[in-house]
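Fold and geometry: a report
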Amino acid sequence: MLPTGSTAFEFGSGRSTHSLRRSLSAAASVEDSADWLSRTEELADAIPKRQDDFSEVVPLTRCWNRLRPIESFNVARQRDSLLRLQRAHLILVDSPPNPAKREHALFLALDQAPVGAVVVLDDLEVSAASRFAHRLARQNADRFRFWRLEIDHQLGVFYKIRAGRMRSRPSFREFVGSWLRA
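Residues numbered from 1 in each chain as written. Predicted model: local features only at pLDDT ≥ 70, side-chain atom pairs only at ≥ 80, totals over all residues. Heavy atoms only, no water.

As for the nonpolar core
The biggest cluster of nonpolar side chains holds 31 residues, and the ones touching the most others in it are Phe-11, Ile-91, Leu-106 and Val-119. Of all the elements in the fold, those that place two or more residues in this core are β1 (7-11), β2 (26-31), α3 (79-87), β6 (90-93), α4 (103-112), β7 (118-122) and α5 (127-139). Grouped together as the second largest cluster of nonpolar side chains are ten residues, Ala-8, Leu-20, Leu-92 and Val-118 included. (Core = buried A, V, L, I, M, F, W, Y, C linked by side-chain atoms within 4.5 Å. Buried < 20%, exposed > 50% of the residue type's maximum accessible area, 1.4 Å probe, protein only. Helix = DSSP H or I, 4+ residues; strand = E, 2+ residues; numbered from the N terminus.)

So, the side chain of Asp-123
Position of Asp-123 relative to the elements: it lies in the loop between β7 and α5. Here Arg-102 takes part through its side chain, which lies 2.8 Å from a polar atom of the side chain of Asp-123. Dropping the residues within four chain positions of it, Asp-123 is found in contact with Asp-94, Pro-99, Arg-102, Ala-129, His-153 and Gln-154. (Polar contact = N/O pair within 3.5 Å; in protein donor to acceptor, adjacent residues only side chain to side chain. Contact = heavy atoms within 4.5 Å.)

Observations regarding the packing of α3 against α4
At a minimum axis separation of 8 Å, α3 and α4 run at an interaxial angle of 60 degrees. Considered as vectors, α3 and α4 are oriented oblique to each other. Here α3 runs over α4; the crossing is right-handed. Where α3 abuts α4, its residues Leu-82, Leu-85 and Gln-86 lie against Leu-108, Ala-109 and Gln-112. For the contact of α3 with α4, a count of residues per class yields four nonpolar, two polar and no charged. (Axes fitted to C-alpha atoms, helices over the stretch in contact; angles between N-to-C directions. Parallel < 35°, antiparallel > 145°, perpendicular 65-115°, else oblique. Left-handed = near helix turned anticlockwise from the far one by under 90°. Nonpolar A, V, L, I, M, F, W, Y, C, P; charged D, E, K, R; others polar.)

So, the pairing of strand β8 (residues 144-149)
Pairing between β8 and strand β9 (residues 155-160): six bridges, direction antiparallel. Counterpart to Phe-146 in the pairing with β9 is Phe-158. (Pairing = 2+ DSSP bridges.)

Considerations on the packing of aromatic side chains
Counted according to the given criterion, the structure contains four aromatic pairs. Between Phe-11 and Phe-73, the ring centres sit 5.6 Å apart and the planes meet at 40 degrees, which makes this aromatic pair tilted. Taken together, the positions of Phe-11 in strand β1 and Phe-73 in strand β5 (residues 68-73) put the pair 62 residues apart, joining distant regions of the chain. A single burial state applies to Phe-11 and to Phe-73, both of which are buried. Through successive ring pairs, a cluster of aromatic residues spans Phe-9, Phe-11 and Phe-73. (Phe/Tyr/Trp six-rings, centres within 6.5 Å; stacked < 30°, edge-to-face > 60°.)

Some details on the pattern of salt bridges
Following the criterion strictly, the structure yields eleven salt bridges and no others. A salt bridge links Asp-53 to Arg-50; the nearest nitrogen and oxygen atoms lie 2.9 Å apart. Note on Arg-50: relative accessible area 30%, which makes it partly exposed. Of the charged contacts, one joins Arg-102 and Asp-94 as a salt bridge, the two residues approaching to 3.4 Å between their closest N and O atoms. Residue classification places Asp-94 among the partly exposed positions, given a relative accessible area of 26%. (Salt bridge = Lys/Arg side-chain N within 4 Å of Asp/Glu carboxyl O.)

That's the geometry; what it means functionally is another story.
Right under this line is the structure:
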């Protein structure tokens, strides 16, 4: 599905970083932990970082989404990271570590992805992650196709078919849950 020369962007580094480097022309990773990013680069089967690969530590900060506090990556303030996100054809959302807190990263990925991009959310087996992924898919069905895959920890796969403004109208339960996790 991805054109030749496609690049990847991932929220959260790990073994996936090396799979993306192995498969695509360039991979960009943002990670909230300098220690984890360093350990990722030192894995036994690590693919060396190429000239076009990119990784950056972006600490988790409080972001606001419809009056809800969400701890996430503030990639909008990291110009290099944001540009790489906007050019990526494959985007993996596998961080923050708590899957219930990945909504903002997913929203940002879906909003900034170019038309034709594939966005993958890991850990849909976590009920909060499943709820917000399905809600964003429903509320933006005119811009994305969505599939749930029963692989590993269950994946949510979005395919962007049209540009446009993202909608995010959380349920009361999600609104309260955001405040409880803050």
